[in-house]
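One-letter residues, chain by chain:
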Amino acid sequence: MSGVNVAIAGATGAVGEEFLRLLALRNYPIKSLRLLASARSAGKKLKYKGEDVVVEELKADSFKGIDHAFFSAGGGISKEFAPHAAQAGAIIIDNTSAFRYDAEVPLVIPEINPQDAFKYGERRIIANPNCTTIVSLLPTFPLHKQFGLKRAIMSSYQAISGAGAQAMEELQQQMRDWAAGKELTVKHQPKQIAFNVIPRIDAVQDNGYTKEEMKFLWEGRKIMHHDALRATATCVRVPVLRSHAVSLTLEFEKPCTPEQAREILAKAPGVIVQDDPKSELYPIPLERAMKDDIAVGRIRQDISVDDNRGLCLWAVGDQIMKGAALNAIQIGELLLKK
C-alpha cells in the first residue's frame with residue numbers, strides 16, 4: 001500500500017497520544033488521519049508531525065473511507081462503534097478487553113503469533129492483549145518453544161498509569177501532600193497508593209482471582225495456542241508512574257538452564273537481556289520507560305523443581321508503549337506488509 005487512511009478512537013487519552021507519537025516516529029504510511037473522542041473533546045487540537053489535527057466527535061459514521069481504526073477508548077466504546085467501523089470497511093485494532101476472549105477475534109502479539117492477525121474474518125477486528133500479558137509472554141514464549149511450558153506463576157508489579165491519568169495524578173498529589181505534611185486523600189484508588197501496594201486490580205471473580213489475574217491464563221492459552229497451559233497470577237498495583245514489572249516462575253517439560261535461557265532470550269524478537277545482578281544490572285521501571293523492548297533479568301534455576309525443569313526470571317516493559325500502542329501499531333504494520 002502507498003498509504004492508508006487511519007482513525008484513532010480515544011485519541012485524547014494516554015494511549016491515544018502514544019499512538020500519535022509512534023505513528024509519526026515509525027513513519028506509518030498515513031494518507032489521512034482522523035482523531036476521534038468524546039463530544040467534550042471535539043474541537044481540541046493535537047499535534048501530528050508538527051501539524052495540528054482537530055479532534056472530532058466519535059460517531060457511527062466516523063469511519064467512512066478508513067482503512068485502519070485503532071481503538072483505545074474503553075471496552076464499551078469499542079463494542080458500540082467497532083461494528084460501525086467494520087461495516088465501513090475498516091480493520092479494527094482494538095486495545096480494550098472487549099473482544100479478547102471472543103473465539104472469532106484474533107488476539108495478537110506480532111513477535112509470537114503474527115499469522116493470527118490475518119484471521120480477522122468478516123468482523124474485521126484484531127484484539128490487542130492485556131499489557132501485563134504482553135510483558136509476561138514475550139520472554140516466556142521463546143522458552144516455551146524450546147522446552148515446552150507446563151506451568152507458569154506470575155506476580156505483577158503494575159505502574160499506576162495502568163489505572164489511568166486520574167490515578168497517576170492521585171499518586172503525585174499524595175506525594176506532594178506527604179512532603180508538605182498534609183493529610184493524604186484517596187479518591188481514585190481503593191487504598192492510598194503512595195508508600196503502599198494494592199493487591200487487587202480489576203474485578204474480583206467468583207474463584208477469588210481478579211479479572212486481571214485471569215487474563216494471564218486466558219490470553220496466554222489463546223496467543224501461544226497452548227490450551228494445556230496451567231497458570232496462576234497475583235497482580236499488584238505499585239507506586240510507580242510508568243512501566244510494569246513481572247516475576248515469572250516457569251516449569252517446563254524438558255530440562256533447561258539459565259545459560260540456555262539467556263542465549264535464547266538474547267535472540268528473541270522484542271526482548272533484551274539485562275542480567276548481571278552482582279553488577280546491579282537488571283531491569284527496572286525507571287529505565288524501561290519509553291523503550292520498545294521487554295527487558296529480562298534475574299534469570300535463575302527454580303530450585304523448587306526437580307531435574308532442572310524450572311526457571312525464574314524478572315521482566316519489565318513500558319505498558320503504554322509495547323503493552324498497548326506499540327503492539328497495536330506493529331499489528332497494523334503486519335497488515336501493511338501483507
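The coordinates are above.
## Focus on the overall build of the chain
- Each helix and strand in the chain was counted, giving eight helices and 13 strands.
- With the principal axes as the frame, the chain shows a C-alpha extent of 60 × 55 × 40 Å.
- Buried positions account for 51% of the 338 residues belonging to the chain.
- Partitioning the contacts of the chain with sequence separation of at least 6, the portion at a separation of at least 24 is 66%.
- Surface exposure of the chain reaches about 15500 Å², of which carbon and sulfur atoms provide 49%.
- Looking at the chain, you have 43 positive and 40 negative side-chain charges, and the mean spots of the two groups are 2 Å apart.

## Focus on the packing of helix α3 (residues 131–147) against helix α8 (residues 321–337)
- Look at α3 against α8: their axes get within 8 Å of each other, and the N-to-C directions meet at 90°. With respect to α8, the element α3 is oriented roughly perpendicular. Within the contact between the two elements, α3 uses Cys131, Ile134 and Leu138 and α8 uses Lys322, Gly323 and Asn327.
- Considered class by class, the residues forming the contact of α3 with α8 number three nonpolar, two polar and one charged.

## Observations regarding the environment of lysine 222
- Summarising the element assignment, lysine 222 is placed in helix α5 (residues 211–224).
- Lysine 222 sits 121 residues away from tyrosine 101 along the chain, and the two C-alpha atoms are 8.4 Å apart.
- Within polar-contact distance, the side chain of lysine 222 engages the backbone oxygen of aspartate 102 at 2.8 Å.
- Within polar-contact distance, the side chain of lysine 222 engages the backbone oxygen of valine 105 at 2.7 Å.

## Some thoughts on the sheet that holds strand β12 (residues 294–301)
- In spatial order, the strands read β9-β8-β10-β13-β12-β11; together these six strands make up an open sheet with mixed pairing. Looking at the sheet topology across the chains shown, the edges are occupied by β9 (230–237) and β11 (271–273). Neighbouring strand axes in the sheet, compared pairwise and without regard to direction, differ in orientation by 20° on average.
- In terms of strand pairing, strand β8 (residues 149–158) meets β9 through eight bridges, oriented parallel. What sits directly across from alanine 152, in β9, is alanine 231.

## Examining the pairing of strand β10 (residues 244–252)
- As paired strands, β8 and β10 are joined by eight bridges and run antiparallel to one another. Across the sheet, serine 156 pairs through a bridge with valine 246, a residue of β10.
- Here eight bridges tie β10 to strand β13 (residues 310–317), and the two strands are oriented antiparallel to one another. Bridge pairing links histidine 244 to glycine 317 in β13.

## Points about the layout of surface pockets
- Put simply, the largest pocket is a space of about 1100 Å³.
- Surrounding the largest pocket, 42 residues form its lining, Val15, Ser72, Gly74, Gly162 and Gly164 being those nearest its centre.
- Its residues assigned to classes, the lining of the largest pocket comprises 15 nonpolar, 21 polar and six charged.

## A look at α8
- The sharpest bend along α8 comes to roughly 35°, located at asparagine 327.
- Judged by how many residues are buried, α8 sits mostly within the fold: 16 of 17 residues are covered.

## As for the pattern of salt bridges
- Evaluation of the coordinates by the stated rule reveals 18 salt bridges.
- A salt bridge links glutamate 263 to lysine 267; the shortest N-O distance between them is 3.8 Å. With glutamate 263 and lysine 267 both in helix α6 (residues 258–267), this residue pair falls four residues apart, about one helical turn.
- Accessibility expressed as a relative area gives 66% for lysine 267, which makes it exposed.
- Here the salt bridges share partners, and the residues they tie into one network are Glu18, Arg21, Arg242 and Asp318.

## Brief notes about the sheet that holds strand β1 (residues 4–9)
- Overall, mixed pairing links the seven strands, which are arranged β3-β4-β2-β1-β5-β6-β7 in an open sheet. Either end of the sheet is taken by a strand with one partner, and the two such strands are β3 (45–48) and β7 (125–127). Going across the sheet, the axis of each strand differs from the next one's by a mean of 30°, ignoring polarity.
- Pairing of β1 with strand β2 (residues 30–37) involves six bridges; the strand directions are parallel. By the bridge assignment for β2, valine 4 is matched with isoleucine 30.

Rules and cut-offs
- Residues numbered from 1 in each chain as written.
- Predicted model: local features only at pLDDT ≥ 70, side-chain atom pairs only at ≥ 80, totals over all residues.
- Heavy atoms only, no water.
- Helix = DSSP H or I, 4+ residues; strand = E, 2+ residues; numbered from the N terminus.
- Buried < 20%, exposed > 50% of the residue type's maximum accessible area, 1.4 Å probe, protein only.
- Contact = heavy atoms within 4.5 Å.
- Areas by Shrake-Rupley, 256 points an atom, 1.4 Å probe, with all protein chains shown as cover.
- Lys, Arg positive; Asp, Glu negative; His and termini not counted.
- Charge placed at Lys NZ, Arg CZ, Asp CG, Glu CD.
- Axes fitted to C-alpha atoms, helices over the stretch in contact; angles between N-to-C directions.
- Parallel < 35°, antiparallel > 145°, perpendicular 65-115°, else oblique.
- Nonpolar A, V, L, I, M, F, W, Y, C, P; charged D, E, K, R; others polar.
- Polar contact = N/O pair within 3.5 Å; in protein donor to acceptor, adjacent residues only side chain to side chain.
- Pairing = 2+ DSSP bridges.
- 1 Å grid on protein atoms, 1.4 Å probe; cavity = no way out; pocket = protein on both sides within 12 Å on 5 of 7 lines; lining within 4 Å.
- Points joined across faces, edges and corners; volume = space filled by probe spheres on them.
- Bend = angle between axes of the 7 residues up to and from the residue.
- Salt bridge = Lys/Arg side-chain N within 4 Å of Asp/Glu carboxyl O.

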